[in-house]
Amino acid sequence: MDLSVSKHSPISHQYYRDLPTTMFAESNPAPSTSPSLVELNTVLLNQYGIDESWFMSEQGLLNLAGNEINPENPPIAMAYSGHQFAHWVPVLGDGRAHMLGQMQITNGTLVDVQLKGSGRTHYSRGGDGRATLGSVLREYLISEAMAGFGIPTTRSLAVIMTGEKVQREKSGPGAILVRSAASHIRVGTFQYASATQDINVIKALADYVIKRHFPELDQDDAKYLTLLSEVVKQQAELIAQWMLVGFIHGVMNTDNMSIVSETIDYGPCAFMDTFKPNKVFSSIDRHGRYAWDQQSNIAVWNLARFAETLLPLLDLETDAAVEALEALLAKFIPKFNYALQQGMFKKFAFEQADDRHSAFIGESLATLSDQEIDFTLFFNYLTNVHQGNDDAPLLTLFSDREKGIEWLNKWRLLKSDKPESWLTMRQANPVFIARNHQVEKAIRAAEDNGDFTLFRHFAKALANPFEHSPDNAEFEAPPLADEIVTQTFCGT
Ligand code: AMP
Ligand code: MG
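Residues numbered from 1 in each chain as written. Chains lettered and ligands numbered in written order. Predicted model: local features only at pLDDT ≥ 70, side-chain atom pairs only at ≥ 80, totals over all residues. Heavy atoms only, no water.

Peer 1: Provide a residue-level description of the overall build of the protein, including the pertinent values.
Peer 2: Assigned secondary structure in the protein consists of 18 helices and 13 strands. The C-alpha radius of gyration computed for the protein amounts to 23 Å, which stays within 12% of the reference 23 Å derived for 492 residues, consistent with globular compactness. The 492 residues of the protein split such that 57% are buried. For the protein, the exposed area adds up to about 20600 Å²; of that, 51% sits on carbon and sulfur atoms. Charged side chains of the protein number 41 positive and 60 negative; the gap between the two group centres comes to 3 Å. (Helix = DSSP H or I, 4+ residues; strand = E, 2+ residues; numbered from the N terminus. Rg over C-alpha atoms; globule rule 2.2 N^0.38 Å. Buried < 20%, exposed > 50% of the residue type's maximum accessible area, 1.4 Å probe, protein only. Areas by Shrake-Rupley, 256 points an atom, 1.4 Å probe, with all protein chains shown as cover. Lys, Arg positive; Asp, Glu negative; His and termini not counted. Charge placed at Lys NZ, Arg CZ, Asp CG, Glu CD.)

Have a look at this one:
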């Protein structure tokens with residue numbers, strides 16, 4: 001080990017300290033009893049252009065496991081509020097996470113590096129500040145799957161086992177996820193600033209976000225309105241992208257919605273196997289608030305909470321300000337519908353699509369739901385048909401074969417005839433997703449037997465989800481009847 005290289009942490013900035021002090025708390029992670037690095041995302045580090053030697057060094061491990069603090073850049077916990085299932089919670093914040101700071105990556109941009117599961121903070125309330133290895137591996141696999149699809153997301157950089165047990169429904173190994181993100185600022189962060197009722201705090205936060213993430217708005221005369229407009233646009237695109245791969249976030253509380261529109265806080269989230277528009281996985285979402293087909297409506301609701309925090313910053317009379325914000329919020333649904341429709345056109349290989357194509361998509365989704373068809377497999381097999389392969393695998397998905405033949409005939413009349421449209425279709429239809437039962441299998445092997453083979457194989461495969469490969473064939477299959485995971489838990 002070359003200590004001269006590894007001594008210096010690449011996490012060399014802490015720009016959140018520029019915010020008013022009410023927005024964060026000084027907080028040191030709790031030391032881990034017996035830390036070990038069980039996974040390092042070297043592919044991501046390479047993309048970032050960050051040397052991996054510090055992460056692999058003794059010093060790196062001590063810092064990431066909470067056993068030593070970098071005295072030049074001490075960690076903090078960030079403050080935020082949130083509406084959880086529509087109920088207002090004034091103080092949430094990082095209850096089990098520590099922001100180590102920012103790294104400057106290849107193209108000069110900054111990424112946050114945060115520890116999750118690193119011990120109690122000022123915001124822990126009754127919690128133990130820890131995370132189970134299972135929840136950490138789950139976030140790792142699903143966030144890396146999202147990245148593989150090209151969907152904006154926080155990333156998983158490393159997994160540290162703490163050597164301690166964590167008590168949830170049962171006792172299990174504890175772990176820390178080292179995650180990176182363009183930002184950890186949430187809608188709930190703005191709500192926290194707003195709740196201080198100090199306009200300087202709200203302004204400082206909004207200006208910080210603009211400076212770091214939307215610098216092109218800095219000279220905009222109506223920069224806070226334009227900020228909302230940009231966030232509306234990005235979130236509309238994000239939610240459409242989730243839905244196109246059958247993703248259900250599960251806890252779209254305002255504290256789990258990133259202001260830079262990266263998917264964040266993977267708790268009881270999941271990808272659907274069988275298509276059902278009102279599908280819910282989370283054990284705590286009893287009323288289907290965050291179901292697959294509700295996510296756009298919830299995003300608008302959350303963005304309305306964000307918009308409210310900007311009100312005092314607008315140089316307008318209250319009525320005019322409310323009107324201006326509402327006009328921008330009203331653009332969400334059309335933008336979302338457009339993005340979803342464009343994405344669906346690609347999934348079905350439709351070009352120069354018109355109302356007939358749109359109507360057919362609606363009918364097709366209803367058929368998928370009625371016939372209880374696997375969402376990913378359907379589009380995967382349809383892509384194979386478009387490439388010139390046999391219809392048979394697709395037809396086996398229909399419980400009513402005649403209906404399948406009828407459907408396929410209609411689709412053939414509408415699909416693009418251009419051979420190259422197959423490529424676009426392939427890029428819209430993953431060969432595999434991070435299926436629940438496979439995620440569970442990988443977690444069980446790691447938690448129960450300390451065997452990370454399946455986890456590592458799966459993580460690697462998910463980086464290339466649009467490519468069929470015999471090595472990864474096991475990840476394509478939907479669950480057998482006794483493998484179906486019907487609920488996912490917050491027991492994190
Ligand atoms: P989440 O449901 O993971 O988005 O978390 C909601 C809030 O609960 C956040 O403020 C978290 O920091 C906090 N929280 C979740 N789990 C724990 C824990 N084990 N210890 C302390 N705080 C936690
Ligand atoms: Mg959260």
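Peer 1: How would you explain the pairing of strand β7 (residues 97–104) if you had to name every residue and give the values?
Peer 2: In terms of residue burial, β7 counts as a mostly covered element, since seven of its eight residues are buried. Bridging between strand β1 (residues 11–13) and β7 involves two bridges; their strand directions are antiparallel. Within β7, the position partnered with H13 by the bridge is Q102. Inspection of the sheet shows β7 paired to strand β8 (residues 110–116) by seven bridges, in the antiparallel sense. By the bridge assignment for β8, M99 is matched with Q114. The loop that links β7 with its antiparallel partner β8 comprises five residues; one of these, G108, has a positive phi angle of about 90°. (Pairing = 2+ DSSP bridges.)

Peer 1: Can you lay out the packing of aromatic side chains for me, pointing to particular residues and giving the numbers?
Peer 2: The tally for this structure, following the rule as stated, stands at 29 aromatic pairs. Their ring planes at 80° and their centres at 4.8 Å tell us that F190 and F306 sit as a pair that is edge-to-face. Separated by 116 residues along the polypeptide, F190 in helix α6 (residues 187–195) and F306 in helix α9 (residues 295–310) bring together distant segments of the chain. The class for F190 is buried, based on a relative accessible area of 0%. Ring centres of F458 and F475 lie 4.4 Å apart, and the angle between their planes is 15°; on these two criteria the pair is classed as stacked. One end of the pair, F458, is in helix α18 (residues 453–462); the other, F475, is in the segment after α18, with 17 residues separating them in the sequence. Assessed through its relative accessible area of 0%, F458 is described here as buried. Using a relative accessible area of 0% as the deciding quantity, one classes F475 as buried. Cluster of aromatic residues (ring-pair linked, three or more members): F275, W292, F348, F350, F360, F375, F378, F379, F398, W407 and W411. Here the basic side chain of R305 rests over the ring of W301, its NZ or CZ set 4.5 Å away from the ring centre. (Phe/Tyr/Trp six-rings, centres within 6.5 Å; stacked < 30°, edge-to-face > 60°. Lys NZ or Arg CZ within 6 Å of the ring centre and 35° of its normal.)

Peer 1: Tell me about the site of ligand 1, and please be specific about residues and values.
Peer 2: Near ligand 1 there are 16 residues, and of these G93, G95, R125, D128 and G129 occur at the shortest range. Separating a nitrogen atom of ligand 1 from a side-chain N or O atom of R96 is a distance of 3.2 Å. In the model, an oxygen atom of ligand 1 is placed 3.0 Å from a nitrogen or oxygen of the N256 side chain. When ligand 1 sits alone it has 480 Å² of accessible area, and the protein chains cover 81% of it. In terms of residue class, the shell around ligand 1 is made up of two nonpolar, seven polar and seven charged. (Near = heavy atom within 4 Å. Polar contact = N/O pair within 3.5 Å; in protein donor to acceptor, adjacent residues only side chain to side chain. Nonpolar A, V, L, I, M, F, W, Y, C, P; charged D, E, K, R; others polar.)

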